[in-house]
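Below, each chain spelled out in residue letters.
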Amino acid sequence: MRSKHIQILGLTLTAVYGLFVLWAYWAAPKSVSDVSVKARETIQQAANEAKAATGTYEVDPEKFRNGLNAFRAENFVLARDLFEQADPKGIDPKTQYYIAYSYYRQGWGRFSNDDEMFKLGLEQTDRVIALDREFKADDPDLKLKYAVELKKELEDGLKITADDFNPLRLTRERH
Amino acid sequence: MVKDHDTTEPAEEIGDLSAIDGELVEGEDEGYVDTASESEIGRPALPPSPDGNQRAWLHFVLLPTVFMTVALLGGLRIAAPEGEFVFVRPALICLVFAVILTVLFVRTGLISVQGWFSESIPTLGNIANGAVLLSLFAASVQMFNSLIPEQGLAFWVVSFCFLWTLGVSFFTVADPGKLVRSVVALFSLAFLTKYFILLNLTSTSSGTWLQRLWDDPTKEALTYLLDLPRYASATGYIQFFAAGLFLLGLFLVRPDTRSAIGEN
């Protein structure tokens with residue numbers, strides 16, 4: 001083998017090994033078996049980034065449908081997981097809105113709301129607004145059609161006001 | 001004839017100096033440009049390889065592999081008691097120390113700039129040498145990351161000691177052999193401090209803080225006071241291997257790479 005070929009081999013090896021080291025410190029696998037899991041995630045992430053960059057990114061319709069079924073069955077934890085799988089890059093306003101709505105519905109209570117759920121819902125709604133400020137849900141099951149309406153509802157739910165002690169409040173309905 | 005005439009003229013000019021007659025004999029060390037410098041720094045001179053490429057393999061393949069392995073392992077810790085990998089990213093001070101160390105390598109002649117980067121070396125050779133130097137720098141950063149405690153008072157004390165020693169070396173050490181010995185001594189001391197003394201002062205028992213305090217009050221108190229991270233003893237073994245690899249890599253670094261590139 002000529003010296004030139006060895007130099008090219010060395011350069012390639014150094015670059016590949018260097019990238020692996022950088023990846024290891026970025027992904028931080030917790031064990032040897034976790035290395036393959038993290039590698040798969042990174043490849044998936046890179047593929048989604050490439051799809052988004054080339055404009056070929058789309059939500060997985062099968063997973064979205066399953067997520068919607070879980071959402072309607074009030075299994076919000078499963079629904080969120082399926083929606084996140086359907087839109088791994090988190091750039092589809094419709095899917096992201098369903099995730100925000102799932103936090104609202106899970107956190108809503110006739111006597112008191114779950115503040116943690118509402119806070120997460122608020123963060124998620126802000127994400128939807130950042131993606132598409134004029135987003136409008138086309139699902140008749142969702143009574144709050146606009147992201148700003150959902151945001152207002154979540155913000156009101158987090159506040160403690162005199163109205164919270166109104167007994168008639170028990171008659172209110174979830175949106 | 002013309003050549004003969006030319007060669008006799010200087011002899012006439014220098015007059016009474018005695019002439020030495022003899023045949024030119026090709027030396028065995030032909031193309032062995034860095035032997036002198038290697039012997040100067042106390043390294044055994046490598047014999048010429050049968051295919052002439054052993055030096056290239058060593059310099060362009062083995063060395064970066066060794067240094068990148070050090071770069072990988074230098075920040076690896078094993079959390080106690082879970083046994084999970086923890087990849088600790090280097091603190092900024094590690095980069096500063098690595099720069100100082102690399103400058104010291106060049107200043108003392110352990111790495112000759114002319115022997116690594118030169119107009120007479122082909123572009124590919126210069127780039128390949130750059131990659132080797134980069135891997136050496138990455139390994140140096142990670143060695144400091146490995147040897148300096150992660151946080152707390154110990155971090156500042158050991159960092160100061162490193163800064164002091166490197167600063168003194170910068171102005172006093174001019175011999176590459178001495179520099180390597182100094183680095184070995186410095187790293188050994190830091191290794192002993194971190195992986196023998198501090199690691200043995202760290203409590204690694206599991207449970208609530210009250211339970212840990214009950215199990216071993218002294219260690220638990222010292223862990224809290226010195227802000228020591230809880231790592232398993234396996235970390236010490238990994239870092240010992242990494243430090244050994246780094247020193248092996250330093251031993252294999254040649255001041256002049258032209259023989260590896262093939263530019264004799």
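Residues numbered from 1 in each chain as written. Chains lettered and ligands numbered in written order. Predicted model: local features only at pLDDT ≥ 70, side-chain atom pairs only at ≥ 80, totals over all residues. Heavy atoms only, no water.

Caption draft 1: Highlighting the packing of helix H3 (residues 54-73) of chain B against helix H11 (residues 234-252) of chain B. Residue and element names in this part refer to chain B. Following both chains from N to C, one finds H3 and H11 inclined at 155°, their axes separated by 9 Å at the closest point. With respect to H11, the element H3 is oriented roughly antiparallel. Crossing of H3 over H11 shows left-handed handedness. Of the residues in H11, those in contact with Leu58, Leu62, Leu63, Val66, Phe67, Thr69, Val70 and Leu73 of H3 are Ile238, Gln239, Phe241, Ala242, Leu245, Phe246, Gly249, Leu250 and Leu252. Across the contact of H3 with H11, the residue classes tally to 14 nonpolar, three polar and no charged. (Axes fitted to C-alpha atoms, helices over the stretch in contact; angles between N-to-C directions. Helix = DSSP H or I, 4+ residues; strand = E, 2+ residues; numbered from the N terminus. Parallel < 35°, antiparallel > 145°, perpendicular 65-115°, else oblique. Left-handed = near helix turned anticlockwise from the far one by under 90°. Contact = heavy atoms within 4.5 Å. Nonpolar A, V, L, I, M, F, W, Y, C, P; charged D, E, K, R; others polar.)

Caption draft 2: Structural context of the pattern of salt bridges. Residues and elements named next belong to chain A. Counted by the stated rule, this structure contains 11 salt bridges over all chains. The shortest N-O distance in the salt bridge between Glu62 and Arg65 comes to 2.9 Å. Of this pair, Glu62 and Arg65 both sit in helix H3 (residues 61-72), separated by three residues, roughly a single helical turn. The exposure class of Arg65 is partly exposed, given its relative accessible area of 46%. (Salt bridge = Lys/Arg side-chain N within 4 Å of Asp/Glu carboxyl O. Buried < 20%, exposed > 50% of the residue type's maximum accessible area, 1.4 Å probe, protein only.)

Caption draft 3: Layout of the packing of aromatic side chains. By the definition in use, this model includes 27 aromatic pairs over all chains. Ring centres 5.9 Å apart and planes at 40° place the aromatic pair B:Phe97 and B:Phe162 in the tilted group. Of this pair, B:Phe97 sits in helix H4 (residues 92-108) while B:Phe162 sits in helix H7 (residues 152-172), placing them 65 residues apart in sequence. There is no split in this pair, since B:Phe97 and B:Phe162 are both buried. On the numbers, 6.2 Å between centres and 65° between planes, the contact of B:Phe191 with B:Phe196 is edge-to-face. Residue B:Phe196 is classed as partly exposed on the basis of its relative accessible area of 48%. Clustering of aromatic rings is evident, with ring pairs tying together A:Phe64, A:Phe71, A:Phe76, A:Phe83, A:Tyr97, A:Tyr98, A:Tyr101, A:Tyr104, A:Phe118 and A:Phe135. (Phe/Tyr/Trp six-rings, centres within 6.5 Å; stacked < 30°, edge-to-face > 60°.)

By themselves, these figures tell us nothing about what the structure is for.
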